[in-house]
Amino acid sequence: MPETKKIPQRTEIVDKHKWNLADIYADDAAWEADYQKAKGLLAQARQFAGKLAESPKSIYQCLHSQSELQIILSRLYQYAFLNKDLDNRVSKYQALTERAATLSSEAGAAYSFVEPELLQIDEARLNQMAARFPKTDEYDFYVKELIRSKKHIRSEEVEEVLALSSLVTRGPDTIFSMLDDADLKYPSVKDEQGNEITLTKQRAIKLLESSDPRVRKNTHEAFYSPYKDHTNTLGASLTSAVNADLFYTRTRRYGSCLQAALDGNNIPLEVYRSLIEATEKNLNGLHDYVRLRKRLFKLDKIHSYDMICPLFPEQDYEVSYDHAVRQVIESATPLGEEYCIHLKQAFHRRWVDVWETEGKGSGAYSAHSYSVHPFVLMNYNNTVDNLFTLAHELGHAMHSHLTCAAQPYPKSHYSIFVAEVASTLNEGLLLHYLLQKVTDDKQRLYLLARTIDNAVGTFFNQVMYARFELDIHAEIEKGGALSPEMMTAQWRDLTQKYFGPDFTVDELTPLKWSRIPHFYTSFYVYQYATSFAASQTILSRFLKGEENLIEDYLRMLRAGGSDYPIELLKICGVDMTTPAPVEATLKLFAEQVTEVDRLTR
Ligand SMILES: [Zn+2]
């Protein structure tokens, strides 16, 4: 196991800790052969165009041939991209990745006639035709979704204009990214040792974790100064993005921007509203947590820059990879024997690429294509954080694996709404397992505080962002105008409300609205909070040892994208249209805060 500071080469890593990408293609020649096959399939698309209305068979054959092509395309991309990410300095796989991506967009263009042509067919007739497909359980959900989308599809001429409009409406996002990622320059600050550090986003995060309050404060002020200098530009950019949402909402005849955004996954509006309402009714746990930080850090006031550094340092808590694997497997025991067999297989059959090596992609992810098992990329570094990341990514991998084995390709794409349940549930089980094992109070406190901070980031912050998005859209919808002053004032009020009386909102924190990239994909972040609440609810049921839950849970994972996410969660008894899952999450959070408080008295 590489312990040295120097980043190893791939040749230095044992095979069992490296991906076996030969599971996708034996070699590059096999990739090339499949690429040629995909090109051939792509050329067939033309023969279906203009003929779909002729018979159920002609529709089915076209959809089937499209699926077959997509399966190959995703396998081609998978092999090229994963090889590339193992060493980004090798240009050969960059070229293969680009070729696969180009072929995918050509395929999209070649089959772009399908949906408009199917939508021309009258609804009752399309249903009748779908009932006579050679196989009726493959495209039924697809057809149902197509029919559901129909009422928001406009005339051919309007659709043509809407298709062209994206060139203009994606402007705000592009302008924001250019400013935020390229043009904004952060000043320098002094670290704990007095060294002058030029700030970047990554360095700011590190410095905000400092145990020295002076370093945190100076970093915060330096980090926000360019946003303060550009607040009018950033305000205009976000306002334009909201106006673009309103443009699509009106042209597609939705009642509100929220409705337009939630319609894609058929999420009822109550889900969004009840998330915010239930949380805002019960912020005491978060207020208590701010008070606890104030006490433990011995500060008079808590500012936003005192919320990031860990309450307890990660002391003497190294986790070797082999130990991590054992813990991830053992902690998943409540999910049943079958789940654990798949999980072991992932570790033993080289689905995981473990160590950081020269040129390898950073971070961690699980990647899957329909016809091959998933692969998990790690940059494992023996920390507790990495142990949880491993559990998280394996949760995604098991979800993909079970879905792809159970579903036909058209139903294999699950939404993020359920995906983050499959991953965070494993993190929750791991935490529970570790808390049962630790004997040392320090480690117990470290684990609990880590969990609490994770909930603040994944749940409370996201709910507050969701509330802010709702407010700024409502303002534009009622014909009002947004200004940087108004958005700043709104952020200040919400921050005070969420974080409570022991939190002091300084001058710069309310500018945070101006630097959140996710606001350019509106009404997206709430899903982090809803998934978290759903997974906490399922977790508490697992820990109670409820009967049949294993079966239900596996059924939900296997269901993949065969139904709407809200319906899938109901399989496990979670109804996100009611406040219950959010209330349970808030209760658990408050209990964890109380426990840390008690252990530190
Ligand atoms: Zn995830």
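Conventions used here
- Residues numbered from 1 in each chain as written.
- Predicted model: local features only at pLDDT ≥ 70, side-chain atom pairs only at ≥ 80, totals over all residues.
- Heavy atoms only, no water.
- Donors = N, O, S within 2.8 Å, 3.2 Å for Na, K, Ca; no water.
- Helix = DSSP H or I, 4+ residues; strand = E, 2+ residues; numbered from the N terminus.
- Buried < 20%, exposed > 50% of the residue type's maximum accessible area, 1.4 Å probe, protein only.
- Axes fitted to C-alpha atoms, helices over the stretch in contact; angles between N-to-C directions.
- Parallel < 35°, antiparallel > 145°, perpendicular 65-115°, else oblique.
- Left-handed = near helix turned anticlockwise from the far one by under 90°.
- Contact = heavy atoms within 4.5 Å.
- Nonpolar A, V, L, I, M, F, W, Y, C, P; charged D, E, K, R; others polar.
- Salt bridge = Lys/Arg side-chain N within 4 Å of Asp/Glu carboxyl O.

1. What to know about the coordination of the zinc ion
Expected angles at a metal are 109.5 degrees for tetrahedral coordination by four donors and either 90 or 180 degrees for octahedral coordination by six donors.
Point 1. The protein atoms that coordinate the zinc ion are H392 (NE2), H396 (NE2), E420 (OE) and E420 (OE), at distances of 2.1 to 2.7 Å.
Point 2. Donor residues for the zinc ion sit on one chain with the sequence pattern H-x3-H-x23-E. Here H392 is found in helix α17 (residues 384–406), whereas its partner E420 is found in helix α18 (residues 416–437), with 28 residues between them in sequence. The same class applies to H392 as to E420, namely buried.

2. So, the packing of helix α2 (residues 56–86) against helix α3 (residues 91–110)
Point 1. Viewed as axis vectors pointing N to C, α2 and α3 meet at an angle of 155°, and their least axial separation amounts to 8 Å. Classed by the angle they form, the pair α2 and α3 counts as roughly antiparallel. The two elements α2 and α3 meet at a crossing, and its hand is left-handed. Residues L69, L73, L76, Y77, Y79, A80, F81, N83 and K84 of α2 touch α3, and the partners they reach there are Y93, Q94, L96, T97, A100, A101, L103, S104 and A107.
Point 2. When its residues are assigned to classes, the contact of α2 with α3 shows 13 nonpolar, four polar and one charged.

3. Section: the pattern of salt bridges
A side chain with one charge can pair with a side chain of the opposite charge if their charged atoms come near.
Point 1. All told, the structure shown has 38 salt bridges when counted by the stated rule.
Point 2. Where R598 meets E595, a salt bridge forms, and the shortest distance between an N and an O atom there is 3.9 Å. With a gap of three residues between them, R598 and E595 both fall in helix α24 (residues 580–599), about one helical turn apart.
Point 3. Counted as one network, the salt bridges with shared partners bring together E280, R467, D471 and K497.

4. Thoughts on unusual backbone geometry
Point 1. The backbone of R253 shows a phi angle near 60°, a positive value even though the residue is not glycine.
Point 2. Counting through the fold element by element, R253 comes out in the loop between α11 (231–251) and α12 (257–263).

Geometric values such as these leave the question of function open.
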